[in-house]
Amino acid sequence: ESKRNLLDQQKEMITKLKVDSNAMETELGSLKDQLKKYESQLYQVKTNKEYDAIAKETENVKKKINDLEDNILESVDTVENLIKSNEEIETDITQLTDQYDDNNVALQDKISSSSEEENILKHEPE
């Protein structure tokens, strides 16, 4: 049961990470568009002050893009690791279920055997 709970938690985490990654991808696209806009504005400035301001904004956007790309890669790695972990957990669950079924069959055999012995002992003359 604990393995199943862990599996469910990890599946929820994978879903959340994928949703977050999609949101980051969308934000990344808009930041790249913004960067192109700033870069095209660099050629239209008339003063050094305007150039410095746009250059600073360009650097800020590049930093945000870099950070988002790092976060996306980290999310992808985490999802891959969770998927591998889930496969291992599913294998463990299958093995534990098989082991439980085998033990349950053995227990039922012992219960049946002991019931037969009990019936024999009850009907023996004292």
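Only a predicted model underlies this, so the values are computations on that prediction, with no experimental measurement involved.

Enquirer: I keep staring at the overall build of the chain and nothing clicks. Help me out?
Expert: Looking only at helices and strands, the chain features two helices and zero strands. The C-alpha atoms of the chain give a radius of gyration of 32 Å, which is well past the 14 Å a tight globule of 126 residues would have. In terms of its C-alpha atoms, the chain occupies a principal-axis envelope of roughly 115 × 15 × 15 Å. In the chain, which comprises 126 residues, the share counted as buried stands at 18%. Excluding contacts between residues fewer than 6 apart, the proportion of contacts in the chain whose partners are at least 24 apart in sequence is 79%. Carbon and sulfur atoms make up 50% of the accessible area of the chain, which amounts to about 10000 Å² in all. Taken together, the 17 basic and 31 acidic charged side chains of the chain have centroids lying 15 Å from each other.

Enquirer: I tried to follow the environment of Ile120 on my own but got confused; where do I start?
Expert: Positionally, Ile120 belongs in helix H2 (residues 48-123). Judged by its relative accessible area of 53%, Ile120 is exposed. For the pair formed by Ile120 and Gln9, sequence separation is 111 residues and the distance between their alpha carbons is 51 Å.

Enquirer: What am I meant to see in the packing of helix H1 (residues 2-42) against H2 here?
Expert: What describes two packed helices is the angle between their axes and the distance between those same axes. In the contact formed by H1 and H2, the axes pass within 8 Å of each other and the chain directions differ by 160°. One finds that H1 runs roughly antiparallel with respect to H2. Both H1 and H2 take part in a crossing whose hand is left-handed. Counted by class, the contact of H1 with H2 contains 24 nonpolar, eleven polar and 14 charged residues.

Cut-offs used in this document
Residues numbered from 1 in each chain as written. Predicted model: local features only at pLDDT ≥ 70, side-chain atom pairs only at ≥ 80, totals over all residues. Heavy atoms only, no water. Helix = DSSP H or I, 4+ residues; strand = E, 2+ residues; numbered from the N terminus. Rg over C-alpha atoms; globule rule 2.2 N^0.38 Å. Buried < 20%, exposed > 50% of the residue type's maximum accessible area, 1.4 Å probe, protein only. Contact = heavy atoms within 4.5 Å. Areas by Shrake-Rupley, 256 points an atom, 1.4 Å probe, with all protein chains shown as cover. Lys, Arg positive; Asp, Glu negative; His and termini not counted. Charge placed at Lys NZ, Arg CZ, Asp CG, Glu CD. Axes fitted to C-alpha atoms, helices over the stretch in contact; angles between N-to-C directions. Parallel < 35°, antiparallel > 145°, perpendicular 65-115°, else oblique. Left-handed = near helix turned anticlockwise from the far one by under 90°. Nonpolar A, V, L, I, M, F, W, Y, C, P; charged D, E, K, R; others polar.

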